[in-house]
Amino acid sequence: MLLPLPLTLLALQATLCRGACVEVDSDTEAVASEGFKLGCISCKKRAEVPAIAVVTWYFKGSGEDDFSPLYEYENKRGLISDPRFDERLHWNGSKHTLDLQDGSIYILNVTYNDTGTYLCTFERILMYPNHQHVTNTTKLIHLHVVSKLTRGMASILSEVMMYVSIIGLQFWLVVEMIYCYRKIAAAGEEALRESELRKSPRPRP
């Protein structure tokens, strides 16, 4: 009868680890007239601490001197600030949560005018039991729009490293589950032995 408890704990641990976060750099080469994902991932250092995050994007076009507001995602809602991207920009990051770790956006029907530098910022509030701590993360993406995609070595290596990281996390999860199962099973067996000893009749004098 010891099996349900370990299985329950293992299922809980698998659920908690399912959202493992891996930071991967965004691609930087888009094809004209096609869609393109601008990736921006900022993982929490303390996954067990609840948090609220706001993601803000800025854009500086080719030949421009300053960044201008592009997009903001807060409270599960996105707002396009740059009219050049009206009806062409969609949220492609974390969904159904205020604890954002993926702040990616998706551009529809990319044009050559989309070439430029994109700035992604995370403003995260970590909510500890006795206080709150604010952190800020910034990432730059230099986007080039081309007529035909030429995949670079950096992009290939980035994707390979992403899959290696995912495999490593899955292996770690399996090891942790086996360790927890053995530990809980051993504790259960010890409890059963103690229970049997208490139930066994004591010899009469």
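In this report, we go over the structure that sits alongside the text. (Residues numbered from 1 in each chain as written. Predicted model: local features only at pLDDT ≥ 70, side-chain atom pairs only at ≥ 80, totals over all residues. Heavy atoms only, no water.)

### Considering the overall build of the protein chain
Of the regular secondary structure elements, the protein chain holds 2 helices and 9 strands. Going from N to C terminus, the protein chain has its helices and strands arranged as α-β-β-β-β-β-β-β-β-β-α. When the 205 residues of the protein chain are sorted by exposure, 31% land in the buried category. The contacts of the protein chain with a sequence gap of at least 6 include a subset with a gap of at least 24, amounting to 59%. Of the roughly 13,900 Å² of accessible surface on the protein chain, a fraction of 58% belongs to carbon and sulfur atoms. (Helix = DSSP H or I, 4+ residues; strand = E, 2+ residues; numbered from the N terminus. Buried < 20%, exposed > 50% of the residue type's maximum accessible area, 1.4 Å probe, protein only. Contact = heavy atoms within 4.5 Å. Areas by Shrake-Rupley, 256 points an atom, 1.4 Å probe, with all protein chains shown as cover.)

### Quick word on the packing of aromatic side chains
Enumeration according to the criterion identifies 5 aromatic pairs in this entry. On the numbers, 4.6 Å between centres and 35° between planes, the contact of F59 with Y118 is tilted. Pair noted here: F59 is in strand β3 (residues 51-61) and Y118 is in strand β8 (residues 116-127), with a separation of 59 residues, a long-range link. An identical accessibility class is assigned to F59 and Y118; each is buried. Measuring from ring centre to ring centre gives 6.3 Å for Y71 and W91, while their planes differ by 15°; the resulting arrangement is stacked. Pair noted here: Y71 is in strand β4 (residues 68-74) and W91 is in strand β6 (residues 89-91), with a separation of 20 residues, a long-range link. Across the pair, W91 and Y71 agree in class, each one buried. (Phe/Tyr/Trp six-rings, centres within 6.5 Å; stacked < 30°, edge-to-face > 60°.)

### A short note on the sheet that holds strand β9 (residues 132-146)
Either a parallel or an antiparallel arrangement is found when strands of a sheet pair, and the pairing is made through backbone hydrogen bonds. The strand order across the open sheet built from 6 strands is β1-β9-β8-β3-β4-β5, with neighbouring strands paired in mixed fashion. A single partner strand is all that each edge strand has here, and the edge strands are β1 (29-31) and β5 (77-80). Taken pair by pair, the neighbouring strands of this sheet meet at an average axis angle of 25°, ignoring direction. Sheet topology places β8 next to β9; 12 bridges connect them, and they run antiparallel. (Pairing = 2+ DSSP bridges. Axes fitted to C-alpha atoms, helices over the stretch in contact; angles between N-to-C directions.)

### Overview of the nonpolar core
As a rule of thumb, nonpolar side chains are buried together in soluble globular proteins. In this structure, L38, W57, L70, Y71, I105 and Y118 are the most contacted members of the largest nonpolar core, which totals 25 residues. At the level of elements, β2 (36-38), β3, β4, β6, β7 (105-107), β8 and β9 are the ones that each hand at least two residues to this core. Sort the elements by how many residues they give to this core and β3 lands first, with 4 residues. Ignoring anything within four residues of it in the chain, the contact list for L38 reads S26, W57, S104, I105, I107, Y118 and I141. (Core = buried A, V, L, I, M, F, W, Y, C linked by side-chain atoms within 4.5 Å.)

### Some details on the pairing of β9
Where β1 meets β9, 3 bridges bridge the pair, whose relative direction is parallel. Pairing of A30 across the sheet is with V145, part of β9.

### Focus: the pattern of salt bridges
Following the criterion strictly, the structure yields 6 salt bridges and no others. With a shortest N-O distance of 2.5 Å, R46 and E48 are connected by a salt bridge. Among the residues examined, E48 registers a relative accessible area of 52% and is labelled exposed. Here the salt bridges do not stand alone but share partners, grouping E64, D82 and R84 into one network. (Salt bridge = Lys/Arg side-chain N within 4 Å of Asp/Glu carboxyl O.)

### Considerations on the side chain of K44
Assignment of secondary structure puts K44 in the loop between β2 and β3. Here V49 takes part through its backbone oxygen, which lies 2.6 Å from a polar atom of the side chain of K44. Excluding residues within four positions of it along the chain, K44 makes contact with V49, P50, A51, D99, Q101, R124 and L126. (Polar contact = N/O pair within 3.5 Å; in protein donor to acceptor, adjacent residues only side chain to side chain.)

### Remarks on the environment of K76
Relative to the helices and strands, K76 is located in the loop between β4 and β5. Each C-alpha atom, one on K76 and one on V54, is 9.4 Å from the other, the two residues being 22 residues apart in sequence. With near-sequence residues (within four places) excluded, K76 lies in contact with H96, T97 and L98.

Functional significance is not addressed by these values, which are geometric in nature.
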